[in-house]
Amino acid sequence: MSEEKSLNFLEEIIEQHLAEGRYEHIHTRFPPEPNGYLHIGHASSICLNFGLAKKYGGKCNLRFDDTNPVTEETEYVDSIKYDIKWLLDAIGTSWDGEYYASDYFDKLYEFAVDLIKKGLAYVDDSSADEIAATKGSTTEPGMNSPYRDRSIDENLQLFAGMKEGKYKDGEKVLRAKIDMAHPNLLLRDPLMYRIKHAHHHRTGDKWCIYPMYDFAHGQCDSIENITHSICTLEFIHHRPLYDWFIEKLGIYPSKQYEFARRNLSYTVMSKRKLLQLVNEKHVAGWDDPRMPTISGMRRRGYPAQAIVNFCDTVGIAKRENVVDLGVLEFHVREQLNKTAPRMMAVLNPVKLIITNYPEGQTEELDMENNPEDENGGTRKVPFSRELWIERDDFMEEPPKKFFRLGPGLTVRLKGAYIVQCEGFSKDDNGNITEIRCTYLPESKSGHDTSGLKVKGTIHWVNAHTAKTAEVRLYDRLFKVENPAAEEGDFKSYINEHSLQVLSAVYVEPALADAQPGQQFQFLRMGYFTVDSKDSAPGRPVFNRTVTLKDSWAKEKAKD
RNA sequence: AGUCCGAUGGUGUAAUGGUAGCACUACAGAUUUUGGUUCUGUCUGUCUAGGUUCGAAUCCUGGUCGGACUACCA
């Protein structure tokens, strides 16, 4: 009964490599740069690299690509590790080693010296502008640097001087001697080392020269015996360079494979843009629940398992893509539907008075915590004469197929009784201030002998025992599907209504003690999670994770 | 313009020379004390023009369209 699951192109490559005995085990790595928070695109890469290792009995390292001390910080290292662990727990695996490119700075320096000795690298005194100017273009070859033919001894001496701090930032660089006319611009004597008198988050002030990505990444892979170095498509032009360094150095031949990065509709994914949103305060931080970051999604209430399932079902390939946000939301609902206890909360309240219910009487009704969970159990919910119901659940002049309250209409109060609307009051502005109804005592939930069938069921909260809470309703961060592809500044497409704060929502009494991170389904309203930052004891803040599917809203929209 | 990569329903992803499938979405229906869930069904696709072949989404050639590259970032 084995279900044939088709392989993605990387799994095919790996299975072939394993089958032909090229590798006994695979070894992958996830190489984040600690200069920002991880986002959903990284989640794809995490699921891929760690998932592949798990599936084929291999290993996967965590390696921080920390070769640029100017932008990299320990804060980012910590958040990245936390996020990865959170996802890895859902996958059911863990990283096999925690490494840093900076662990290999000594080794990389030796590699550079080796290339100089082989006549394959030289110290260039040219300025950044000069190097750019002599680089050529896509249609024209570049020009050799006047320093290209220095002797090996001179290069050795100058490079040592660079390391010793004899020169200022930008005064000299070490370049590979390849071909200034190469059609691949990256092979036109690429930079290997630059001078940066900057404090590094791990090596401190030991170094004032730092390797460039191209001279670090492949060699780090090689040092760790990585078999399959998986990265995104934009590195495809780097592959010849990746191979060139490894070949000339004569070290373990790790191989690079590229896949298309994952894009999500109605958001942006580049770290540069996300950093801009944070710095310019368009959001409250990297973990703002509207951000496509792992930490934002966690705070929003997206389960790790939902993110992992999303990555798995969407898969990978090599073509440009924009995945519909709805797919992610589907997986979020799928998880939460199984796990989130149902509770009642009235977001936009209006008073409902049951005129024939005895004043001063309260009963405790048994309500099911989760119809999708056999072991969910029940809870007691107070019910009495005055309730809060949702303002949207009443219409003075209801259209056909409105299965809620209106003059003369009948609904069931969830878990309680069937009521019929008998009247309502309005203030001078025409706002409904109070709805009056009568109830059928014999229609009590679970003991209904009324024989009545009602079309609609609405939620409610008992007025005098209700607690208030803050609720934050989130919507997509951008108004357009692909902000990065639009004309002009992506920030002009920000959805200014992406956050709506409701400061006085009525909730069931039990909800007052909800703990940060706890998740609920507010009946008919959506899934909510207790905010981990802004909740206070006894006064939780609920973030709306995602709405429920709403076929009534769709029906209404048809008009 | 040079090099490289890509093109399958609205979206994402399979089919590796032999029935174009799956998921999401949309639509219709059944069930439902959440207009939720669940279940059933339906619609929609191989960029284009040639070629090879008994047979092409798949292989070949030309074209079209989209993307990446021209940082002392990764």
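If you're wondering where the values come from, they're calculated on a predicted model, not measured in any experiment. (Residues numbered from 1 in each chain as written. Chains lettered and ligands numbered in written order. Predicted model: local features only at pLDDT ≥ 70, side-chain atom pairs only at ≥ 80, totals over all residues. Heavy atoms only, no water.)

Right, let's talk about the packing of aromatic side chains for a bit. When we look at a pair of aromatic rings, we describe it by the centre distance and by the angle of the planes. Considering all chains together, one arrives at 25 aromatic pairs under this definition. The interplanar angle of 65 degrees and the centroid separation of 5.3 Å between the aromatic rings of Phe159 and Tyr193 together place this pair among those described as edge-to-face. Residue Phe159 is found in helix 6 (residues 152-164), and its partner Tyr193 is found in strand 6 (residues 191-195); the two are separated by 34 residues along the sequence. Their ring planes at 80 degrees and their centres at 4.8 Å tell us that Tyr417 and Tyr439 sit as a pair that is edge-to-face. Taken together, the positions of Tyr417 in the loop between strand 16 (410-413) and strand 17 (418-426) and Tyr439 in strand 18 (residues 432-439) put the pair 22 residues apart, joining distant regions of the chain. Of the residues examined, Tyr417 reaches a relative accessible area of 4% and is grouped as buried. (Phe/Tyr/Trp six-rings, centres within 6.5 Å; stacked < 30°, edge-to-face > 60°. Helix = DSSP H or I, 4+ residues; strand = E, 2+ residues; numbered from the N terminus. Buried < 20%, exposed > 50% of the residue type's maximum accessible area, 1.4 Å probe, protein only.)

The next subject is the layout of surface pockets. Of the volumes computed, that of the second largest pocket is approximately 800 Å³. Forming the boundary of the second largest pocket are 31 residues, of which Pro31, His42, Phe235, Arg261 and Lys271 lie nearest the centre. The set of elements that each furnish at least two residues to the lining of the second largest pocket consists of strand 1 (27-30), helix 2 (40-55), helix 7 (213-223), strand 8 (228-232) and helix 9 (271-279). (1 Å grid on protein atoms, 1.4 Å probe; cavity = no way out; pocket = protein on both sides within 12 Å on 5 of 7 lines; lining within 4 Å. Points joined across faces, edges and corners; volume = space filled by probe spheres on them.)

Counting across every chain of the model gives 1 cavity of 30 Å³ or more. Taken together, Tyr213, Asp214, His217, Gly218, His238, Tyr242 and Gln256 form the lining of the largest cavity. The element that contributes the greatest number of residues to the lining of the largest cavity is helix 7, accounting for 4 residues. Residues belonging to the lining of the largest cavity are distributed by class as follows: 2 nonpolar, 4 polar and 1 charged. (Nonpolar A, V, L, I, M, F, W, Y, C, P; charged D, E, K, R; others polar.)

We now examine the sheet that holds strand 11 (residues 345-346). A sheet is described by the order of its strands in space; here 7 strands give the open sequence 10-23-24-25-21-22-11, paired in mixed fashion. The sheet is open, and its two borders are formed by strand 10 (342-343) and strand 11, each paired with just one other strand. In this structure, strand 10 lies alongside strand 23 (residues 519-522), joined through 2 bridges in parallel fashion. Paired with Arg342 across the strands is Gln521, a residue of strand 23. (Pairing = 2+ DSSP bridges.)

Before going further, it helps to spend a moment on the pairing of strand 6. Within strand 6, 4 of the 5 residues are buried, which leaves the element mostly enclosed by the surrounding structure. Sheet topology note: the strand 5 (residues 173-176)/strand 6 ladder contains 3 bridges and is antiparallel. Its bridge partner being in strand 6, Val173 is matched across the sheet by Arg194. Pairing analysis gives 3 bridges linking strand 6 to strand 7 (residues 209-211), with the strands arranged antiparallel. The residue bridging Tyr193 from the neighbouring strand is Pro211, located in strand 7.

Here helix 12 (residues 325-339) spans 22 Å end to end across 15 residues, near enough to the 21 Å set by a 1.5 Å rise per residue. Residues of helix 12 that are buried: Leu325, Leu328, Glu329, His331, Val332, Arg333, Gln335 and Leu336. Each element contacted by the buried residues of helix 12 is listed here: helix 10 (294-300), helix 11 (304-314), strand 10, strand 23, strand 24 (526-530) and strand 25 (541-546). The backbone nitrogen of Gly326 lies 2.7 Å from a side-chain oxygen of the residue at the head of helix 12, namely Asp324. (Expected span 1.5 Å × (residues − 1). Contact = heavy atoms within 4.5 Å. Polar contact = N/O pair within 3.5 Å; in protein donor to acceptor, adjacent residues only side chain to side chain.)

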